[in-house]
Amino acid sequence: MRRASGSQGFGSIRSTLLTQPPRQLVRLIGELYRLSKQNQRFLEARLGNASKQLSIYKRLVTDCLFPDPLSKSSNVRISEAKRAISQYERATGDLAGTVDLMLLFVETGTAFAADLGYGEDDFFSALENMLSRALDLLRGGSDDLTQSMRSRTDSPPSRKIPQ
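Residues numbered from 1 in each chain as written. Predicted model: local features only at pLDDT ≥ 70, side-chain atom pairs only at ≥ 80, totals over all residues. Heavy atoms only, no water.

A. Structural detail: the overall build of the protein. When you go through the protein residue by residue, the secondary structure sums to eight helices and zero strands. The order of α-helices and β-strands along the protein, N terminus first, is α-α-α-α-α-α-α-α. Viewed in the frame of its principal axes, the protein has a C-alpha envelope of about 55 × 40 × 30 Å. The burial tally for the protein puts 29% of its 163 residues in the buried class. (Helix = DSSP H or I, 4+ residues; strand = E, 2+ residues; numbered from the N terminus. Buried < 20%, exposed > 50% of the residue type's maximum accessible area, 1.4 Å probe, protein only.)

B. Expanded view of the side chain of Gln 87. As for its placement among the helices and strands, Gln 87 is situated in helix α5 (residues 78-92). Classification of Gln 87 as buried rests on a relative accessible area of 2%. Within the structure, Gln 87 has its side chain in polar contact with the side chain of Tyr 57 (distance 2.9 Å). (Polar contact = N/O pair within 3.5 Å; in protein donor to acceptor, adjacent residues only side chain to side chain.)

C. Summary view of the nonpolar core. Counting 33 residues, the largest nonpolar core has Val 61, Leu 65, Ile 78, Ile 85, Leu 101, Phe 105 and Phe 123 as its most contacted members. Listing elements by their share of this core, those giving two or more residues are α4 (50-65), α5, α6 (95-116), α7 (121-140) and α8 (143-154). Counting residues per element, this core draws most heavily on α6, which supplies 10 residues. Setting aside its immediate chain neighbours within four residues, Val 61 contacts Ala 81, Ile 85, Leu 101, Leu 104 and Phe 105. (Core = buried A, V, L, I, M, F, W, Y, C linked by side-chain atoms within 4.5 Å. Contact = heavy atoms within 4.5 Å.)

D. Representation of the packing of aromatic side chains within the structure. What the rule picks out here adds up to four aromatic pairs. Ring geometry for Tyr 57 against Tyr 88: centres 5.2 Å apart, planes inclined by 65 degrees, an arrangement best described as edge-to-face. A residue pair is termed long-range when its members are at least 10 positions apart, and Tyr 57 in helix α4 and Tyr 88 in helix α5 qualify at 31 residues. One exposure class covers both Tyr 57 and Tyr 88, and it is buried. Taken together, a centroid distance of 5.6 Å and an interplanar angle of 75 degrees make the contact between Phe 123 and Phe 124 edge-to-face. A residue is classified by how much of its surface remains accessible, and Phe 123, at 1% relative accessible area, is buried. By the ring-pair criterion, three or more aromatic residues cluster together here, those being Phe 66, Phe 112, Phe 123 and Phe 124. Over the ring of Tyr 57 we find Arg 41, and its NZ or CZ is 6.0 Å from the ring centre. (Phe/Tyr/Trp six-rings, centres within 6.5 Å; stacked < 30°, edge-to-face > 60°. Lys NZ or Arg CZ within 6 Å of the ring centre and 35° of its normal.)

E. Local environment of α4. In this model, α4 (16 residues) spans 22 Å end to end at C-alpha, consistent with the 22 Å of a helix rising 1.5 Å per residue. Among the residues of α4, Gln 53, Leu 54, Tyr 57, Leu 60, Val 61, Thr 62, Cys 64 and Leu 65 are the ones counted as buried. (Expected span 1.5 Å × (residues − 1).)

F. Main features of α7. The end-to-end C-alpha distance of α7 is 29 Å, a good match for the 28 Å that 20 residues give at a rise of 1.5 Å each. Those residues of α7 lying buried are Phe 123, Ala 126, Leu 127, Met 130, Ala 134 and Leu 138. Along the axis of α7, the buried residues cluster in a sector spanning 105 degrees; they form a single face. Seen from the buried face of α7, the exposed residues on the opposite side, beyond 90 degrees, are Asp 121, Asp 122, Glu 128, Arg 139 and Gly 140. Buried residues along α7 sit against α4, α5, α6 and α8. (Arc of directions from axis to C-beta.)

As structure tokens, this is what we get:
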């Protein structure tokens, strides 16, 4: 990835951060926290209770892939759901939670397509790619993780919206 011209990247920022007193760093993180919902979710997942945050990320993925068809914002938002999963993974390093979100992505997208007849090729490609990624993570994970997710990977999809 190319840097914008004139930008020295994170290295110069890192050097400055290393010289700052802790109070100033806390103030900076507070400002970043207030800057966006995405920053709030990331910091809460990284520094707070990751298991509590998983339910928030699940709701976000579900809302992105099975929006209320009667609401004004009823567009499917695949990129936003993928971004949320990546953000959770980076923030927590929680493999089980990440696989859970990936399978939720597939289950919710499948339920949406079945219930509302949604059928764009890009949509199904995104579901297929996410399932492939989840299965790859499961293959590299522990036996306990694989067993805990088996019912979701071996059974035919249900028609109800996953929660």
